[in-house]
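One letter stands for each residue in the lines below.
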Amino acid sequence: SETPNPAMEAGEAAPPAGTGGRAAGGWGKWVRLNVGGTVFLTTRQTLCREQKSFLSRLCQGEELQSDRDETGAYLIDRDPTYFGPILNFLRHGKLVLDKDMAEEGVLEEAEFYNIGPLIRIIKDRMEEKDYPVTQVPPKHVYRVLQCQEEELTQMVSTMSDGWRFEQLVNIGSSYNYGSEDQAEFLCVVSKELYSSPHGLSSESSRKTKLLQARGTRM
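Our subject in this report is the structure included herewith. Since this is a predicted model, take the numbers as computed values, not measurements.

About the thresholds
Residues numbered from 1 in each chain as written. Predicted model: local features only at pLDDT ≥ 70, side-chain atom pairs only at ≥ 80, totals over all residues. Heavy atoms only, no water. Helix = DSSP H or I, 4+ residues; strand = E, 2+ residues; numbered from the N terminus. Buried < 20%, exposed > 50% of the residue type's maximum accessible area, 1.4 Å probe, protein only. Contact = heavy atoms within 4.5 Å. Core = buried A, V, L, I, M, F, W, Y, C linked by side-chain atoms within 4.5 Å. Disulfide = S-S within 2.5 Å. Expected span 1.5 Å × (residues − 1). Arc of directions from axis to C-beta. Phe/Tyr/Trp six-rings, centres within 6.5 Å; stacked < 30°, edge-to-face > 60°. Lys NZ or Arg CZ within 6 Å of the ring centre and 35° of its normal. Salt bridge = Lys/Arg side-chain N within 4 Å of Asp/Glu carboxyl O.

## What about the overall build of the chain?
Along its length, the chain carries 9 helices and 7 strands. Burial analysis of the chain (218 residues in total) assigns 36% to the buried set. Within the chain, contacts between residues separated by at least 24 positions form 59% of all contacts whose residues are at least 6 apart in sequence.

Here it is in structure tokens:
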């Protein structure tokens, strides 16, 4: 019996065998495929991983007629360049491509062999490239809060979640309660807000309203 080369199972093309026979074509554990003139050697278990695929039906002999070469390998008239990633996906479930390999070519072959999970992975990759996620720079939002001297401590204690004190302006004594003047201040605060699909986040808006309510007269 023929002993398979471990390197071939790792993804390399197999050299033409010198002997034919039913085992070489795929009725045993090992299956030989001649894809566009390049011979690949893999196992029946690997090819049958996706039950609805062309390769699974082929190695199970389901209603598919395929010619064989002189070694007994199944003849498949497709581009061998893209068959390596197809076969490796069936082996370990991951899409691994060389940097110069076109995803469109692998997608075309995945659709021919009817390997559903691989088709979805490639399409998702291509969509991500068509619509890259861009980093939107933050927006600086400023608030001017008017408060009395006795309210400063309370107002500063409520500055959380990214709000930062910028400037304090004394605008004099505008109010007199009893015998004491109450100094009035303008307090400038700022915050960096990141854009979302619906504008500024609801949390940021809530905190802004909270500052205005506690800080307060605008």
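Structure's up, so let's keep going.
## What to know about helix 5 (residues 83–92)
Of all 10 residues in helix 5, 8 are buried; the element is thus mostly enclosed. Looking only at helix 5, the buried set comprises F83, G84, P85, I86, L87, F89, L90 and R91. Just downstream of helix 5, G93 is the residue with a positive phi angle, here 80°.

## So, unusual backbone geometry
One non-glycine residue, N114, lies in positive phi territory at about 60°. With respect to the element layout, N114 can be found in the loop between helix 6 (103–113) and helix 7 (116–130). Assessed through its relative accessible area of 40%, N114 is described here as partly exposed.

## Some details on the nonpolar core
Note on soluble globular proteins: their nonpolar side chains tend to be buried together. With 29 residues, the main nonpolar core has L33 and F83 as its most contacted residues. Contributing elements (two or more residues each) for this core: strand 2 (30–35), helix 4 (54–59), strand 4 (74–76), helix 5, helix 6 and helix 7. Top element by residues in this core is helix 5. It accounts for 5 residues. L145, L152, W163 and V189 belong to the second-largest nonpolar core, a separate cluster that totals 11 residues.

## A word on the state of the cysteines
Taken as a whole, this structure holds 0 disulfides when the rule is applied. Considering cysteine sulfurs only, C187 is the nearest to C147, which forms no disulfide, with 6.1 Å between them. C147 gets classed as buried once you look at its relative accessible area, which sits at 0%. In this structure C187 comes out as buried when scored by relative accessible area, which is 0%.

## Describing helix 7
Compared with an ideal rise of 1.5 Å per residue, which puts 15 residues at 21 Å, helix 7 spans 21 Å between its outermost C-alpha atoms and is within 8% of the ideal. L118, I119, I122 and M126 are the residues of helix 7 that are buried. Viewed end-on, helix 7 has its buried residues packed into an arc of 105°, placing them on one side of the element. Looking at helix 7, the residues exposed on the side facing more than 90 degrees away from the buried face are R120 and E128. Here the buried face of helix 7 lies against helix 5 and helix 6.

## Topic: the packing of aromatic side chains
A ring pair, where both rings are aromatic, is described by two values, the distance of the centres and the angle of the planes. By the definition in use, this model includes 5 aromatic pairs. Residues F54 and Y113 carry aromatic rings whose centres are separated by 6.0 Å and whose planes lie at 55° to one another, so their mutual orientation is tilted. Of this pair, F54 sits in helix 4 while Y113 sits in helix 6; the two residues are 59 residues apart in sequence, bridging distant segments of the chain. Of the residues examined, Y113 reaches a relative accessible area of 0% and is grouped as buried. The ring of F112 has R78 lying over it, and the distance from NZ or CZ to the ring centre is 4.0 Å.

## Some points on the pattern of salt bridges
By the definition in use, this model includes 4 salt bridges. One salt bridge connects R78 with E109, and the closest N-O pair in it is separated by 2.9 Å. Linking R78 in the loop between strand 4 and helix 5 with E109 in helix 6, this pair joins segments that are 31 residues apart in sequence. With its nearest N and O atoms 3.8 Å apart, the salt bridge here joins R125 to E103. With a gap of 22 residues between them, R125 in helix 7 and E103 in helix 6 connect regions that are remote in the sequence.

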